[in-house]
Amino acid sequence: MEERNTSRKSFINYLLGGGFTLVAASFLYPIVRFVLPPKSTEAEPMAVSAGKVGEMHLNSGKIFKFGRKPGLLIYTEQGEYQAFMATCTHLDCIVQFRNDSESIWCACHNGYYDLNGNNISGPPPRPLERLNVFIKDDDIMVSKIT
Amino acid sequence: MYSHNLMKNIIRHFNIIYILFLFIFLFPAIYLFPQERHNNCIECHSKFEEEETSPTIEFKNDIHNTSGMLCSDCHGGDPEINAGGNQELAMNPKKGYKPPPGHNEIPEFCARCHSDFEYMKKFNPNIRVDQYENYLTSQHGKLLAKGDDKVANCVSCHKTHGIRKKTNPASAVFANKIPETCSKCHSDPEYMKEYKILTNQLEMYKKSVHGEFLLEKGDLNAPACNDCHGNHGAAPPGVESVHNVCGVCHSGNNQLFLKSSHKKYFDEFGFPECASCHEHHLIKKLTEESLGVGDQSVCGICHTQEDEGGIIAVEMKNIIENFSALRDTCQILSEEVERKGMPVNEIKYQMNNVDSELLKARNIVHSFSLENIKQITEEGTKLAISVKKMANDELKEYQIRRIGLAVSLFFIFLAGTALYLKIKKIDKKNIINSF
């Protein structure tokens, strides 16, 4: 009878210990996940790094990620940085920089913008959304114009 | 003593000095600051019956009035004379007065100033002065020259005395007012009867992709009647000009079409190029259904299931439909990922690329080349598959988290039960010990 009681007692103790350990783990897991940074930011970014100073050639452009949307960074012949949202104002295709014509081009319907983002030919009805560019340390930072 | 005499002389000749002062300083000021020209025409005509008063009311906001012009600048006569109601004095032919021009005289009447750059550049150095010249080449102008007094002239579109700048939203030729303005005549079957042309253009235009953007979405850059037919030189574009007219905006599609095998055959059969598939005023936004040779197909107008073109059209339809279906699946999955609160930024970002590729694939149809379509859709399909995988991975992760939560809840319940049993046992032991 004594032996049966001891076995029951130890079973409850194991159950209790194990249960508490797992409860603690279920509390700790979200804390650890919170402390470790996520793979990507989900919120609409205020500013992102579009590249490093010196990595672009004059008269070139590159696409960068601005939240869920693509952005276009241009390093002009005059050595200035210009940035725009890279979605065409016609049907949201992704535009690209054309160094041969020093313009921004949408391959979907052959729409053109000048280097100030103004729609100059083809179907685009409006200029591209301009972004603010500033240099912070070695980063070319891009932010929305508020 | 000397200064005392000088003062006396000045006082004596004060009147002469005063007049000289007025002459030297105030007389030129009259020319420097000209007085407002008095317009007696408005004063008298506003007292007359409705037919005469309406111009005076409309003229208040007329661009000519706001630019400082008077009735007499167009009609002649002397508006500044105090005629005291004597119209013979004010509307004196000797002072250049001419009766209002007849319907067929209006274009020439307006052109007296509007074709004179020397005169017009005072108001706007970049102003166009070729309206009359263009008008003479228009269908309206040609018929007017033959004596037709029903065709549109300047005032039919711009109004007579309420003319506003085309950039003024109240103007009858403001971008989004143009379809209604043209339809005043062109949608009237009775009025248009003798010209034997359709009168459903506005009805069709409202259903078109251009009409949807201009009239419903308020996009003032969307084309209206004048963008395809011309403004003052309005005429139907000839069959051979259609690709050029559409190509003004849709230059990419135009280039693809010109290089395509279809150009030669369209020319041979006299098909109106873009309008053969998209129609003219209806300007249909075609879908995958328009490819192939089915009921909704435009390829099927010329091709059958058996001929080579028909076989290619069916294959094009299948390729784009498959890609489009895959894109839709990705869209549904990405929305599900978002709804479940899982990270979706990368998926949404890549969806932009998939959408771009789908648009390119739909656009490259204008090359009528199966090879081109395959090339674009292959790239797009690869992208879409990777997006689909990312979305499925996130949904799997969501399932793992749900199962994890269930397991965790089970253990919490188990720990609670064990705690309850332990407390019960301790209580029982304490009761026994107390005895």
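In this report, the structure presented in the accompanying data block is examined. Just so you know, these numbers come straight off a predicted model, no measurement behind them.

As for the packing of aromatic side chains
Residues and elements named next belong to chain B. With the rule as written, the count across this model stands at six aromatic pairs over all chains. Look at Tyr119 and Phe123: their rings are 5.6 Å apart centre to centre, the planes differ by 65°, and that puts the pair in the edge-to-face class. Residue classification places Phe123 among the partly exposed residues on the basis of a relative accessible area of 39%. Ring geometry for Phe269 and Phe271: centres 5.6 Å apart, planes at 25°, overall stacked. On the accessibility criterion, Phe271 (28% relative accessible area) is partly exposed. Site record: aromatic cluster; members linked through ring pairs are Phe257, Phe266, Phe269 and Phe271. Positioned above the aromatic ring of Phe213, the side-chain terminus of Lys217 is 4.3 Å from the ring centre.

Points about the nonpolar core
Among the nonpolar cores identified, the biggest contains 27 residues, and Val337(B) and Ile373(B) are the most heavily contacted of them. Looking at this core, the elements with two or more residues in it are helix H22 (308-339), helix H23 (345-364) and helix H24 (370-434) of chain B. The biggest single contributor to this core is H22(B), with nine residues. Beyond its immediate chain neighbours, meaning those up to four positions away, Val337(B) contacts Met342(B), Pro343(B), Val344(B), Ile347(B), Ala391(B), Glu394(B) and Leu395(B). Membership of the second largest hydrophobic core comes to 16 residues, among which are Ala86(A), Tyr113(A), Leu128(A) and Leu359(B).

What about the interface of chain A and chain B?
At the junction of the two partners, chain A supplies 33 residues and chain B supplies 33 residues. Interface area, chain A with chain B, both sides summed: about 3,000 Å², of which 59% is carbon and sulfur. At the junction of chain A and chain B, the tally comes to three salt bridges. Its salt-bridge partner being Arg126(A), residue Asp219(B) comes within 3.7 Å of it at the nearest N-O pair. On the surface where chain A and chain B come into contact, there are nine residue pairs in polar contact (both at pLDDT 80 or more). It is helix H1 (residues 2-35) of chain A that provides the largest number of residues to the side of chain A that touches chain B, a total of eleven residues. Looking at the side of chain A that touches chain B residue by residue, the classes come out as 17 nonpolar, eight polar and eight charged.

Comments concerning the side chain of Ser138(B)
Along the chain, Ser138(B) falls in the loop between helix H10 (131-137) and helix H11 (139-145). Every residue in contact with Ser138(B), bar those within four places of it in the chain, is listed here: His232(B), Gly233(B) and Ala234(B).

Observations concerning the sheet that holds strand S5 (residues 95-98) of chain A
Residues and elements named next belong to chain A. Strand order across the open sheet formed by four strands is S5-S6-S7-S8, with antiparallel pairing between neighbours. Strands with a single pairing partner mark the edges of an open sheet, and in this sheet they are S5 and strand S8 (119-121). Neighbour-to-neighbour, the strand axes of the sheet open up by a mean angle of 35°, direction not taken into account.

Re the sheet that holds strand S1 (residues 47-52) of chain A
Residues and elements named next belong to chain A. In space, the six strands of this open sheet follow the order S1-S10-S9-S4-S3-S2, with antiparallel pairing throughout. Each having just a single partner strand, S1 and strand S2 (60-66) make up the two edges of the open sheet. Averaged over all adjacent pairs, the angle separating strand axes in this sheet is 30°, with direction ignored. The pairing of strand S3 (residues 69-75) with strand S4 (residues 81-85) spans five bridges and is classified as antiparallel. Across the sheet, the residue bridging to Gly71 is Met85, located in S4.

So, the state of the cysteines
Tallying each qualifying case throughout the model produces one disulfide over all chains. Disulfide pairing is shown between Cys93(A) and Cys108(A); the S-S distance is 2.0 Å. Handedness here is read from the sign of the S-S torsion; for Cys93(A) and Cys108(A), about -85°, the answer is left-handed. Of this pair, Cys93(A) sits in the loop between S4 and S5 while Cys108(A) sits in the loop between strand S6 (103-106) and strand S7 (111-113), and the two are 15 residues apart along the sequence. For the pair shown, Cys93(A) and Cys108(A) are each scored as buried. Free cysteine Cys110(B): the closest other cysteine sulfur is in Cys154(B), separated by 3.9 Å.

Conventions adopted
Residues take numbers from 1 onward in each chain, read along the sequence in its written order. Each chain gets a letter, beginning with A, and each ligand a number, beginning with 1, in the order they are written. With pLDDT at 70 or above as the cut-off, local features in this predicted model cover only qualifying residues; side-chain atom pairs require 80 or more to be listed or tallied, and sums for whole chains, interfaces and linings still use all residues. Values reported for side chains reflect all heavy atoms of the structure, with hydrogen atoms and water molecules removed beforehand. Stacked, tilted and edge-to-face are the three classes applied to pairs of Phe, Tyr and Trp rings, where Trp contributes its six-membered ring and a pair requires centres within 6.5 Å; stacked means planes under 30 degrees apart, edge-to-face means over 60, and tilted covers the rest. Burial classes: relative accessible area under 20% of the type maximum marks a residue as buried, over 50% as exposed, and values in between as partly exposed (1.4 Å probe, protein chains only). In this scheme, Lys NZ or Arg CZ marks a charge over a ring once it lies within 6 Å of the ring centre and within 35 degrees of the ring normal. Here, nonpolar core refers to any group of buried Ala, Val, Leu, Ile, Met, Phe, Trp, Tyr and Cys residues whose side-chain atoms link them within 4.5 Å. Helix and strand assignments follow DSSP, with helices taken as H or I runs no shorter than four residues and strands as E runs no shorter than two, numbered in order from the N terminus. The contact rule is simple, with two residues in contact once any of their heavy atoms fall within 4.5 Å. Note on definitions: buried area is the accessible-area loss of two parts on being combined, 1.4 Å probe, summed for both. Just to be clear on terms, a salt bridge is a Lys or Arg side-chain nitrogen sitting within 4 Å of an Asp or Glu carboxyl oxygen. Side-chain atoms alone can form a polar contact between residues adjacent in sequence; in general such a contact is a pair of N or O atoms within 3.5 Å, and within protein one must be able to donate a hydrogen while the other accepts it. For this classification, the nonpolar set comprises Ala, Val, Leu, Ile, Met, Phe, Trp, Tyr, Cys and Pro, the charged set comprises Asp, Glu, Lys and Arg, and every other residue, Gly included, is treated as polar. The rule for pairing is simple: two strands pair if DSSP sees at least two bridges between them. Axes here mean lines fitted to C-alpha atoms, for a helix over just the part in contact, with angles spanning 0 to 180 degrees between N-to-C directions. Disulfides are defined as cysteine sulfur pairs within 2.5 Å.

By themselves, these figures tell us nothing about what the structure is for.
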